[in-house]
Amino acid sequence: MEPVDLRLMDEFQRDLPLVRRPFAAIGERLGLAEAEVLARLARLQAQGVVARVGATVRPNTAGASTLCAMAVPEVRVDEVARLVGSEPGVNHSYLREDLWNLWFVATAADAGALAATLARIRATTGLGLLDLPMERAFNIDLGFRLRG
């Protein structure tokens with residue numbers, strides 16, 4: 001990976017500049033044009049190095065969200081993960097070794113839209129869904145250094 005890409009990912013995992021043109025501000029710090037920053041991020045996403053670029057906000061402050069789990073038969077895991085992932089409010093899902101083996105966070109504009117999302121997932125998969133709304137927040141910093 002190019003050194004400037006490592007800097008881009010290391011220095012901006014958090015604290016995105018809160019200005020009208022944040023990618024221009026990032027470019028200034030890296031010695032790049034705004035368009036080059038955007039092109040590099042798009043390339044890193046296309047390569048699967050970066051999953052997403054965007055803000056993270058406290059749950060249920062801008063819309064509604066919930067943690068969900070499903071008990072998916074092993075032979076259907078790929079199929080059900082694709083169905084769940086096709087919902088616009090589901091960023092990703094992950095597999096765990098347990099009866100409740102497919103986990104994901106569902107988000108929507110409001111509680112009614114979130115309920116509709118969960119109903120669609122139940123209907124399209126034909127499976128039950130465990131809805132685990134947040135009762136108390138725990139903040140975990142998921143950023144990590146890529147260079148020493």
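Here the structure is a predicted model, which means the values were calculated and not measured.

Caption draft 1: Examining the overall build of the protein chain more closely. Broken down by element type, the protein chain carries five helices and four strands. Going from N to C terminus, the protein chain has its helices and strands arranged as α-α-α-β-α-β-β-α-β. Each principal axis of the C-alpha distribution contributes one length, and for the protein chain these read about 50 × 35 × 25 Å. Taking all 148 residues of the protein chain together, the buried fraction comes to 29%. Accessible surface computed for the protein chain: about 9,900 Å², of which carbon and sulfur atoms make up 56%. The average position of the 17 basic charges and that of the 18 acidic charges among the side chains of the protein chain differ by 5 Å.

Caption draft 2: Molecular detail of the packing of helix α2 (residues 22–30) against helix α3 (residues 34–46). Direction vectors running N to C along α2 and α3 enclose 100°, while the axes themselves pass 7 Å from each other. For the element pair α2 / α3, the angle class is roughly perpendicular. Residues F23, A24, I26 and G27 of α2 form the contact with α3, whose participating residues are E34, V37, L38 and L41. Its residues placed into classes, the contact of α2 with α3 shows six nonpolar, one polar and one charged.

Caption draft 3: How the structure looks around the nonpolar core. M70, V84 and F104 are the most contacted members of the largest nonpolar core, which totals 17 residues. Elements that contribute at least two residues to this core include exactly β1 (64–70), α4 (77–85), β3 (102–108) and α5 (111–125). Beyond its immediate chain neighbours, meaning those up to four positions away, V84 contacts M70, V90, L102, F104 and I121. With ten residues, the next largest nonpolar core counts V4, M9, L30 and L44 among its residues.

Reading guide: rules and limits
Residues numbered from 1 in each chain as written. Predicted model: local features only at pLDDT ≥ 70, side-chain atom pairs only at ≥ 80, totals over all residues. Heavy atoms only, no water. Helix = DSSP H or I, 4+ residues; strand = E, 2+ residues; numbered from the N terminus. Buried < 20%, exposed > 50% of the residue type's maximum accessible area, 1.4 Å probe, protein only. Areas by Shrake-Rupley, 256 points an atom, 1.4 Å probe, with all protein chains shown as cover. Lys, Arg positive; Asp, Glu negative; His and termini not counted. Charge placed at Lys NZ, Arg CZ, Asp CG, Glu CD. Axes fitted to C-alpha atoms, helices over the stretch in contact; angles between N-to-C directions. Parallel < 35°, antiparallel > 145°, perpendicular 65-115°, else oblique. Contact = heavy atoms within 4.5 Å. Nonpolar A, V, L, I, M, F, W, Y, C, P; charged D, E, K, R; others polar. Core = buried A, V, L, I, M, F, W, Y, C linked by side-chain atoms within 4.5 Å.

In short, geometric facts, not functional conclusions.
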